[in-house]
Each structure stands twice: as C-alpha cells, then as structure tokens.
Amino acid sequence: MRWIKWICTTSLLLGMLQVSAPAKEGALPFQFNNRLRVEWDDNIYQAGTDPDGVEHDKTSSLKAIEEIEFTVNFNLENTFVSLRYRPSLVYWEKRDDDHWDFNHDVDFVFNHSFSPRLSLSLTDTLRRGEQPELVDGDLVVREEDDFYYNLAVLGLGYIIAPQTRVDVEGRNTLLRYDDSVTSANEDYIIWAGGLTLRQRVMPKTTVLGQGRYEDVSYDGADRGSKSVYLALGAEQNFSPNLLGSARGGYQRKMFNDDDLSSESSPYGDLSVTFLPSPATRLTGGAKYSLFEANIYPYASQKQAQMYLSLAYDVTARLAWYLTGSYTYSDYDQDTAVDVTTRDGVENIYQASTRATYKLNRNNWLEAGYQFVDFDSDLRESYKRNRVDVGWKIQL
Amino acid sequence: MKRVGLFVVTSVLLGAWILPGASFAAEKKAEPAKVKKETAVKAPEAKTAEKTAPVTAKADAEKKATTPVKQVSQAELAQLLVNVLGLARFIPASPSAEQCFGVLMANSIVPAEGWVADKVVTKADLARIIVQSMKRQSEVKNPDDPKSWIDYLKSIGVPIDTIGQAVDNVNPLAEPVAPNVVTSSSDPMAKRHKFNTIDETQYGVDMLSVARVFSQLELDAGEFRPLPITQD
C-alpha cells in the first residue's frame, strides 16, 4: 500500500510544518496550501453504454489525491504580480496498468498601471497532465493523454473619459498532446483578438460593445476556422445584493476546409449573482454559442450551457456548497471533415456538493460528492459517482 | 516521470520545512505607523481631491465612518482586492468593475450598501470589506453598526487610514469561491475550455471535467481497439 505510506509521510511533514509556523497577523507574500483527499470513485474508466448499445462493466476504485499549492504575490506601487503553482498527484488503487497520474497547474498574473488612465494585464494559465494509457480488461479505454495546455491573454485598458473605457486584448490558446496518434487529431492553436468599449450610462449601469476575431488551427485534418463576433451587452447592479450581466450578438464562422459551409449564429450569455442573506451566495448563468468541437472529426458544435451554484455559511466554521450544471452539445455532420460520420447530440449533467469545517485558522476538514451523467449519441454514455473526504491546510 | 513528480512534491514539502525562514520571515506585522502607498490605481480626479479631503484620526466616530478614504473609488478598491485575494485568475484579464464586484460578492465581500463603481470608499466601507476579506466578519460584535467594524480592525491592529495599509493585511483566500469551471461565457476572449488536469472547484465544489472519451468514429478507426491476446 504505497499510497498509504505517501499519505502518512505527507501528513507528518505538514504537521511538522504547521508546528513550526509562527502566528501571523500581517499578510504574507507567500502562501502554501495542501489538500489531501481520499476518494471513492465508482466508475474510473467511465464505462457505460456505447452508441451501438453494448454495455461495459464499471470498475470502482479508491483514490488518494494530493495537491500542493504555492502562491507568491507582489503588490507594488503600480504593479501586481502573482504566481501560483499547484502540482497534484493521484493514486488509483484499482488501476493495475499504471497507478499514478501527475499534473501541474501554473497561473501567472501581471497587472501594471502605466498611468491613472492606461493599464496592462498579462495572464497565463499552463496545465501539464501526465495521464497514462488506460486498459480495462482487453480494451484500451484511453490512450496516453500526456499533454500541455497553455492560455495566455494580454490586455491593454485605457480610460478615455471618467465613464468610458476601452480594452484591447489578444489571446493565445495552445493544446499539445505527447502521443502522436492523439496529437494528429486533437492538437490546436487558437488566436483571438478583440476590442471592448464600456460606457457607464448610470451609476449602476454599464453598457458595452464588443468586436472579436478568432482563428482556430488544428495540426491534423483541417477542422480549423476563422470567426468574427459582434456583440452588445450590459452590466447592472440591481441592488446591493444583486448583480447581473448579459451579452448578445452574432458570430460568423468560416471553416478552413473548403468542403464545409460557413456557419452564422446568434450567441450570448447571462449571469446573475445574488446574496439573499449575508451567509448565502447564489450565482447562476447560461450561454449559447458555436464552440470548438470536443470530438473528432467535427469542426464545430452548437453548445448551450447553464449552471447554478450555492454557497452557504452554516456557521462561522461550517460552509456548504452546491453546484449543478447542464451542457448540451449538438454536432452536425455538415461540419465534420469526414463524410462517414453522422449527426449527434450530447447531454452532460453534473452535480456536486461539498462541506468544509474550519478546525482552526489553518486547518479544514472537508467531505464531498460528485455526480456526472454523460449521455451521448457519439461516444460511450456513462454515469459516475465520487465521494471524498479530505484535509486542507493553509500556511 | 512519476518518480520525478514524486521527487518534486517531496522536495517542495521538505523545502518548506527546512527553509521556514524563506517564507515565514517574509511575514509582515501590521504596523500602524508605517506609511504605505495609497493604492495601486488612482482615478485621474483623485489626486486633487486627496488634498482637500484628508482623513483626520481624531474626528468623531460617526464622521469617521463616512469619511472618504483618500478619494478612492469602489471600482479601484475592487480591482485591488481581486488581485490581493487571489481571485484574478478566475476572471478575464483587464476585468470590468462589475466582473470584480461579481467575484467579490460570490465571496461575501460587499459594502453595506452594495458595490457602486464611482462611489468613493468610506472608512466604514473599507473596514467592512477588509474584515470580510479576512473572513472574520463573525467576530464583529455589532455588524449593523459601521463603527463596530472599524473598532474591530483597531482591536487587531489593522490600520485603515489608507487603502494600501489596510490591504497589506489581507491574504489570498484559503477557500476562494468562483464560477471558474462552469463559467458560461460565449466571449472568445473569456471562454474556458473544459480542460482541467484534475478536479477544479466551482463555487467550492469539485466539478470534474469529462475526460476525453473516444467518439464512435475514433472507435471504428481502431483507437478503441481490442488488445492482442498475446501482447508484444
């Protein structure tokens, strides 16, 4: 039981670390969090019923999940810099071919004000996953999925007048798989640029206009496209405890493959944050747009999504969270680069709840439950339940 | 590679243990006498207003509570807090004031009368927001009394004469709440791909993304292939 040794070692080290930490009153530029969980997963291979109606058996397993998080913040006169690194390690007890997944998350934020009117923002999100090939019985259920995912955004904001602000942004998204077979179909690079003009028309109301251009390129079969977006929106502070935003517009997607016709569609999103009491927070939202396809050989999908999240502070120490989401994806064979495919729909229901108990200033206990119902015409449909208990420490 | 991973994780833990001075020596005690910057961002009109509306420490309590803090707007304070509380990664680069307000409200950080972008931050607002940012609102004796929030900060030695002094006592949130996973944005400059290496929290709960599952076409093409009976 190597994972038990790992848990014991980590717990011991963290305990020693906590004892050594002096009491603190002021803020630290450094922060260290550790989150250790034990989880029961009833369907680790995401097995269910394939599109031909063939059922596959589920495999359940215990997992140990160890996440360490380092954050460094520098808040200078006109500059803010933040770096967050979170390596995480997952041990799967019943996964015989490879028990370990190892992941790295890096988040970088750089904000600088050149003058009271002109500011610059640079953010970068890097994800590295090392996820081995998974074999269940005599089937490969996942090929080697080691990958890099990086999202970089550079923005310049300029206050034209006290009530008017313009933002110019550029964004690059890069996905690279290590495995050549996966890489051939899935790797992409997305460039996007845009301009947003915001006008505060009343003390609690802002209207905005946006223009966007996006270029999606795949390394393999050409599922790429170029899109233009135009939208209008509003952000409204309805009351001290109710905030909402809405945006709607039109997008035109022109595919790189000459055999695919261009698509035009309205798009939009809205979100609401509501605090019915000082201890309760609710956020809900919905969107509809054309989106990158999650599955080969489609070049696009129509995606609608909605979610509702609740946070409730039961007491000063006990907090309870609940979130549900629904995602609808519509794949049309007319947007596929392979003519042998077909139309299909996916419905994804997710629900999750978690409770945390603050033992003291630095320690939390937590328990959670997650449910996924993945229903697809194009991929294997499955249901999955996970239950976990854990310990989190902040230093 | 897993060995390397284990080595890195263990080294980092050991490093944090062996070198407490590196991280904990950086600890900054609250020093009321220390003069800090006013804020990272100032409105163009704020500089002249500062000179005409200084904060006087000896003013009576009620006047104090409504005294503007160096003419900083709530929008400017919200942007500063989003950075300091470690919430910037949940919202777009160059966020609007309302985007900052939204993520702060989701974390129970809101002035008594709500966020208003152009409104000047008063001491009462600042005291309430700083206490909420420190997640110590349950320790305030009388939450309905603005002076009670100011007194609480005084009692723990946190100065609020300037925004900079006050914010320096705020740490990144241990349990940040944000709709960062299921953020339903259609904006190509803000949308998120469901591409998380491991569980990411959505409003405090884990929302595991659907992993890459083979499509039927990939399956037909042999990716979901049976292994040979006798392996290589």
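As the structure is a prediction and not an experimental result, all values here were calculated from the model.

Chemist: Explain the overall build of chain A residue by residue, including any values.
Modeler: Summing up its helical and strand segments, chain A has two helices and 21 strands in all. With respect to the three principal axes, the spread of C-alpha positions in chain A is 60 × 55 × 35 Å. Counting all 395 residues of chain A, 53% fall into the buried class. As displayed, chain A has an accessible area near 15900 Å², and 62% of this comes from carbon and sulfur atoms. The distance from the centre of the 40 positive side-chain charges to the centre of the 58 negative ones in chain A is 11 Å.

Chemist: Residues and numbers for the overall build of chain B, please.
Modeler: Scanning chain B for helices and strands turns up ten helices and four strands. In sequence order, chain B lays out its α and β elements as α-α-α-α-β-α-α-β-α-α-α-β-β-α. Out of the 232 residues in chain B, the part that is buried amounts to 61%.

Chemist: Residue-level account of the side chain of A:T123, with values.
Modeler: On the secondary structure map, A:T123 appears in strand β6 (residues 118–130). Those residues in contact with A:T123 that sit more than four places away from it in its chain are A:F108, A:V109, A:L151, A:A152, A:V153 and B:A93.

Chemist: Could you give me a rundown of unusual backbone geometry, with the residues and numbers involved?
Modeler: Omega for the peptide link from A:Y296 to A:P297 comes to 10°, which places this bond in the cis form. If you trace the backbone, A:P297 turns up in the loop between β16 (280–291) and β17 (301–313). Despite not being glycine, B:S94 shows a phi value in the positive range, around 50°. Taking relative accessible area as the criterion, B:S94 reaches 8% and is therefore assigned buried. One non-glycine residue, B:K135, lies in the positive phi region at around 55°. Assignment of secondary structure puts B:K135 in the loop between α7 (123–133) and α8 (146–155). Classification of B:K135 as partly exposed rests on a relative accessible area of 32%.

Chemist: Just give me the short version of the pattern of salt bridges, but keep the residues and values in it.
Modeler: Residue and element names in this part refer to chain A. Evaluation of the coordinates by the stated rule reveals 37 salt bridges over all chains. Where R37 meets E67, a salt bridge forms, and the shortest distance between an N and an O atom there is 2.7 Å. Separated by 30 residues along the polypeptide, R37 in strand β1 (residues 30–41) and E67 in strand β3 (residues 61–75) bring together distant segments of the chain. Here R37 and E67 have matching classes, each one buried.

Chemist: Break down the side chain of A:D146 for me, citing the residues and quoting the values.
Modeler: All names here are of chain A. Within the secondary structure, D146 sits in the loop between β8 (139–142) and β9 (147–161). Buried charge without a salt bridge: D146, with R128 as the nearest opposite-charge side chain at an N-O distance of 4.3 Å. Ignoring sequence-local partners within four residues, the contact set of D146 consists of R128, G129, E130, Q131, P132, R176, Y177 and D178.

Chemist: Describe in detail the confidence of the model for chain B, supporting the description with residues and values.
Modeler: Residue and element names in this part refer to chain B. Per-residue pLDDT for chain B has a mean of 69; in total, 51% of the residues score no lower than 70. This model gives residues 15–59 a pLDDT under 50, and the stretch forms 82 contacts once residues within four places in sequence are excluded. Every residue in residues 224–232 is under pLDDT 50, and counting partners more than four places away or in other chains gives 18 contacts. Reported for the predicted complex are a pTM of 0.80 and an ipTM of 0.83.

Chemist: Quick rundown of the pairing of β9(A)? Include the residues and the values.
Modeler: All names here are of chain A. Bridge analysis of β6 against β9 gives twelve bridges, and the strand direction is antiparallel. Bridging from a neighbouring strand, T125 pairs with L151 of β9. Counting the residues between successive antiparallel strands, the hairpin from β9 to strand β10 (residues 164–177) contains two residues.

Chemist: An account of the environment of B:V140 is requested, with residue identities and associated values reported.
Modeler: Residue and element names in this part refer to chain B. Along the chain, V140 falls in the loop between α7 and α8. Judged by its relative accessible area of 5%, V140 is buried. Put simply, V140 and L153 are 13 residues apart on the chain and 9.1 Å apart in space, counted from C-alpha to C-alpha. If sequence neighbours within four positions are ignored, V140 has contacts with V131, S148, W149 and Y152.

Chemist: Describe the environment of B:S133, naming the residues involved and giving the relevant values.
Modeler: Residue and element names in this part refer to chain B. Along the chain, S133 turns up in helix α7. Judged by relative accessible area, which is 3%, S133 ranks as buried. Put simply, S133 and N169 are 36 residues apart on the chain and 9.5 Å apart in space, counted from C-alpha to C-alpha. In this structure the side chain of S133 is engaged in a polar contact, spanning 2.7 Å, whose partner is the backbone oxygen of I129.

What counts, and where the lines are drawn
Residues numbered from 1 in each chain as written. Chains lettered and ligands numbered in written order. Predicted model: local features only at pLDDT ≥ 70, side-chain atom pairs only at ≥ 80, totals over all residues. Heavy atoms only, no water. Helix = DSSP H or I, 4+ residues; strand = E, 2+ residues; numbered from the N terminus. Buried < 20%, exposed > 50% of the residue type's maximum accessible area, 1.4 Å probe, protein only. Areas by Shrake-Rupley, 256 points an atom, 1.4 Å probe, with all protein chains shown as cover. Lys, Arg positive; Asp, Glu negative; His and termini not counted. Charge placed at Lys NZ, Arg CZ, Asp CG, Glu CD. Contact = heavy atoms within 4.5 Å. Salt bridge = Lys/Arg side-chain N within 4 Å of Asp/Glu carboxyl O. pLDDT = per-residue confidence, 0-100. Pairing = 2+ DSSP bridges. Polar contact = N/O pair within 3.5 Å; in protein donor to acceptor, adjacent residues only side chain to side chain.

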